[in-house]
Amino acid sequence: MNIIYTLDIAGTFAFALSGALVAKKENFDAFGVIIIAFVTAVGGGMLRDVLINAHPINWIADLNYIWTILAAVFVMFFFKSKVAPLSKTMFLFDTIGISVFTLLGLQKGLNFNLHPFVALIMGMVSAVFGGVLRDVLTREVPLIFKKEIYASACLAGGVVYLLLGYLGLQENLQFIVSATVIFLIRFISVKYHFELPKIKNDIFGK
Amino acid sequence: MNIIYTLDIAGTFAFALSGALVAKKENFDAFGVIIIAFVTAVGGGMLRDVLINAHPINWIADLNYIWTILAAVFVMFFFKSKVAPLSKTMFLFDTIGISVFTLLGLQKGLNFNLHPFVALIMGMVSAVFGGVLRDVLTREVPLIFKKEIYASACLAGGVVYLLLGYLGLQENLQFIVSATVIFLIRFISVKYHFELPKIKNDIFGK
Amino acid sequence: MNIIYTLDIAGTFAFALSGALVAKKENFDAFGVIIIAFVTAVGGGMLRDVLINAHPINWIADLNYIWTILAAVFVMFFFKSKVAPLSKTMFLFDTIGISVFTLLGLQKGLNFNLHPFVALIMGMVSAVFGGVLRDVLTREVPLIFKKEIYASACLAGGVVYLLLGYLGLQENLQFIVSATVIFLIRFISVKYHFELPKIKNDIFGK
């Protein structure tokens, strides 16, 4: 589907831009910025493809990912002051990105005949691990482990996708509804600062 | 062998629990705790399988690993105060875990027709790299690089396993003896605080 | 070609020695030193082979890499005081190493029928990611992201290699000229402290 591919590329652009922003704050040189943008944008899908033995892996199979990432780094280098005020637009793209990444990863897992639960994990890996790798390379504790309903949004949308599939919904509709679920959970949770529970006391109150 | 599979699962449970404990100390949210438990428990075997091209990789081929990890996280969330006093039991499970992980990894390497020395490395990778990945994700310097006779125990047991194989020992016996070697070295070294030598002075005393 | 293989091994030795030196400064034990030396020396090629599905991967296909690494660690343990004054020799070996690693990685990519641009990336991954993995495991911000014209030298040499290939130059000559390009850029940039530009102001001066 052409619309989904467009959204995939838009999400890649947004992820690359966010990676480049982090690298810039760390005072990385041009090469370092490209690497971090690259890892953030395609790292999740790359890990997924290595784990499920899907060769050629994502960015080797389709060079458009690389061109998109280089374009994002170019924009960051030369139009930084124009991008900064667009943080809301970027957040929108980013949220579209995780929605599409999750469902495309999940679909790929199902196409590889994985157990639906494993395919669900692969969807989350696709959406989440680019950011984890970025944080590891910039020596941050991965953000998603601490503060945000991010992976949970992907999980919820993935479950909805599987359920709608069992119910026999038409495939395009199935994709759109599940993507909307991820988008809305993520969007609302950021707006209202929801967080997942942490282990503090157990059921014995200790 | 059914006993070995049971010990494998018990070790997975212990590794997952130890990962969840670390994640809890880092104040991770529920999702972060699951990821760290997961990586600690199956990360070593996952890396091994990717390196030797053994697809489907460990936790994709057998979903029981995932259920075991989720059970460990569940226990950590709801029965934390009951688990903490059991640290000796957990250390026992953990030590059983590295013994079984090492030998199963080594066997898998041999089954894939790797050079015995490479198979030996794969055994150590299986037992040790879950902890390394956990430490990388939680921004610790990997513990095993600094303080404990851990990998060395795996190495020694692996060598014993290979030697007994050349001597033609019956396979079950070969497994039990080598596992015991790993278990005892690890157990005794923790009890008496043995450490590996570090590079301080060379043979010229400088 | 036998000379290239010899240079490959010399580079591996230099990379392993530099990894062992870093691990020593971090006060790692013997096992930790071996792991860091190993990752530094063959980590880049290992990552490349996993990404392009080239099994068996580098150090599994040829055990000489492992023996070379163990020899380097042995030297570091017992002849440290003799090695330290040789830092210029080691820098020479290291620079030879990145030249050879880049071109061998690039050639391997081309042999696997990758797009030349992807093969170029694989050459850089081969030369650079051993150091990145070393830095991640020792909790440093990867050096190459910040300070040195390192990856850029690999990139330039790789581009020259591809161009000379299109021009139909004889293969040995093609290798020697491109390796010299990498060597010289790296050598001169270290001597005169060149650095890549960082993102400070964009074209609007902001």
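Source: prediction; values computed, not measured.

A.B. asks: Would you take a moment to explain the overall build of chain A for this structure?
C.D. replies: Along the backbone of chain A there are 9 helices and 0 strands. Helices (α) and strands (β) of chain A occur, in sequence order from the N terminus, as α-α-α-α-α-α-α-α-α. A fraction of 72% describes how many contacts in chain A between residues 6 or more apart in sequence connect residues 24 or more apart. For chain A, the computed accessible surface area is about 8,800 Å², with 67% contributed by carbon and sulfur atoms.

A.B. asks: Got a minute to help me understand the UniProt feature "transmembrane region" (unreviewed entry) in chain A in this structure?
C.D. replies: Here, the residues flagged by UniProt with the feature "transmembrane region" (unreviewed entry) are residues 6–23, 30–47, 59–79, 91–110, 116–137, 149–169 and 175–194 of chain A. Spanning residues 116–137 of chain A, this segment combines 100% helix with 0% strand, and its end C-alpha atoms are found 31 Å apart.

A.B. asks: Mind showing me how you'd approach the nonpolar core here?
C.D. replies: Nonpolar side chains in soluble globular proteins generally cluster together in the buried interior. If you look at the biggest cluster of nonpolar residues, it comprises 198 residues, and the most contacted ones within it are Trp59(A), Val128(A), Trp59(B), Val128(B), Trp59(C) and Val128(C). In contact with Trp59(C), other than residues within four places in its own chain, are Leu51(B), Val118(B), Ile121(B), Met122(B), Phe38(C), Val42(C), Met46(C), Tyr65(C) and Ile66(C).

A.B. asks: What should I look at first to understand the packing of helix α1 (residues 2–25) of chain A against helix α4 (residues 64–78) of chain A in this one?
C.D. replies: For any two helices packed against each other, the geometry comes down to the angle between their axes and how far apart the axes lie. Residues and elements named next belong to chain A. Close contact between α1 and α4 brings their axes to 8 Å; oriented N to C, the two are set at 45°. When the interaxial angle is binned, α1 and α4 end up oblique. Handedness of the α1/α4 crossing: right-handed. Each of Tyr5, Asp8, Ile9, Thr12, Phe13, Ala16, Leu17, Ala20 and Leu21 in α1 lies in contact with α4, whose residues at this interface are Asn64, Tyr65, Thr68, Ile69, Ala71, Ala72, Val75 and Met76. A class-by-class count of the residues in the contact of α1 with α4 yields 13 nonpolar, 3 polar and 1 charged.

A.B. asks: Any chance you could explain the side chain of Ser126(A) here in plain terms?
C.D. replies: Inspection of the secondary structure assignment puts Ser126(A) in helix α7 (residues 116–137). Look past the residues within four positions of Ser126(A) in its chain and what remains in contact with it is Gly44(A), Gly45(A), Arg48(A), Phe101(A) and Gly105(A).

A.B. asks: Whenever I open this one, the packing of aromatic side chains confuses me. Can you help?
C.D. replies: Describing an aromatic ring pair means giving the distance of the ring centres and the angle of the ring planes. All names here are of chain A. Counted under the stated rule, the structure contains 21 aromatic pairs over all chains. Ring plane angle 50° and centroid distance 4.9 Å describe the contact between Phe74 and Phe78, whose orientation is recorded as tilted. Taken as a pair, Phe74 and Phe78 lie in helix α4 at a separation of 4 residues, close to a single helical turn. In this structure Phe74 comes out as partly exposed when scored by relative accessible area, which is 46%.

A.B. asks: What exactly am I supposed to notice about helix α4 (residues 64–78) of chain C here?
C.D. replies: Three- or four-residue spacings in an α-helix give side chains the same orientation, since the helix completes a turn every 3.6 residues. Along its 15 residues, α4(C) runs 21 Å from first to last C-alpha, staying within 8% of the 21 Å computed at 1.5 Å per residue. Within α4(C), the full set of buried residues consists of Tyr65(C), Ile66(C), Thr68(C), Ile69(C), Ala72(C), Val73(C), Met76(C) and Phe77(C). In the core, the buried residues of α4(C) are packed alongside α7 (116–137) of chain B together with α1 (2–25), α2 (30–51), α3 (58–61) and α5 (80–83) of chain C.

A.B. asks: What is the right way to read the pattern of salt bridges from this model?
C.D. replies: Pairing is possible between side chains of opposite charge, provided their charged atoms come close. Residues and elements named next belong to chain B. Scanning all chains against the criterion turns up 9 salt bridges over all chains. Note that Asp49 is salt-bridged to Arg48, the shortest N-O span being 2.9 Å. On the basis of relative accessibility, which here comes to 8%, the residue Arg48 falls in the buried class.

A.B. asks: Mind showing me how you'd approach the environment of Phe77(C) here?
C.D. replies: Its location among the elements puts Phe77(C) in helix α4. Residue Phe77(C) is classed as buried on the basis of its relative accessible area of 16%.

A.B. asks: What exactly am I supposed to notice about the packing of helix α1 (residues 2–25) of chain B against helix α2 (residues 30–51) of chain B here?
C.D. replies: Residues and elements named next belong to chain B. At a closest axis distance of 7 Å, the pairing of α1 and α2 adopts a crossing angle of 140°. Comparing their axes, α2 and α1 come out oblique. Note on packing geometry: the crossing formed by α1 with α2 is right-handed. For the pair formed by α1 and α2, the contact residues are Thr12, Phe15, Ala16, Ser18, Gly19, Ala20, Ala23 and Lys24 on the first element and Gly32, Val33, Ile36, Ala37, Thr40 and Ala41 on the second. Residues of the contact of α1 with α2, tallied by class, amount to 8 nonpolar, 5 polar and 1 charged.

A.B. asks: Honestly, unusual backbone geometry in this entry has me stumped. Any pointers?
C.D. replies: Among all residues except glycine, the phi angle is most often negative; among peptide bonds, the trans geometry is most common. Look at the link from His55(A) to Pro56(A): it is a cis peptide, with omega at -5°. Tracing the backbone through its elements, the reader meets Pro56(A) in the loop between α2 (30–51) and α3 (58–61). A positive phi angle, close to 65°, is found at Asn27(B), a residue other than glycine. We classify Asn27(B) as partly exposed; its relative accessible area is 36%. Phi angles above zero are rare outside glycine, and Asn53(C) is one such case at about 65°. In this fold, Asn53(C) is placed in the loop between α2 and α3.

What counts and how
- Residues numbered from 1 in each chain as written.
- Chains lettered and ligands numbered in written order.
- Predicted model: local features only at pLDDT ≥ 70, side-chain atom pairs only at ≥ 80, totals over all residues.
- Heavy atoms only, no water.
- Helix = DSSP H or I, 4+ residues; strand = E, 2+ residues; numbered from the N terminus.
- Contact = heavy atoms within 4.5 Å.
- Areas by Shrake-Rupley, 256 points an atom, 1.4 Å probe, with all protein chains shown as cover.
- UniProt positions renumbered as here; feature names shortened; annotations may be inferred.
- Core = buried A, V, L, I, M, F, W, Y, C linked by side-chain atoms within 4.5 Å.
- Buried < 20%, exposed > 50% of the residue type's maximum accessible area, 1.4 Å probe, protein only.
- Axes fitted to C-alpha atoms, helices over the stretch in contact; angles between N-to-C directions.
- Parallel < 35°, antiparallel > 145°, perpendicular 65-115°, else oblique.
- Left-handed = near helix turned anticlockwise from the far one by under 90°.
- Nonpolar A, V, L, I, M, F, W, Y, C, P; charged D, E, K, R; others polar.
- Phe/Tyr/Trp six-rings, centres within 6.5 Å; stacked < 30°, edge-to-face > 60°.
- Expected span 1.5 Å × (residues − 1).
- Salt bridge = Lys/Arg side-chain N within 4 Å of Asp/Glu carboxyl O.

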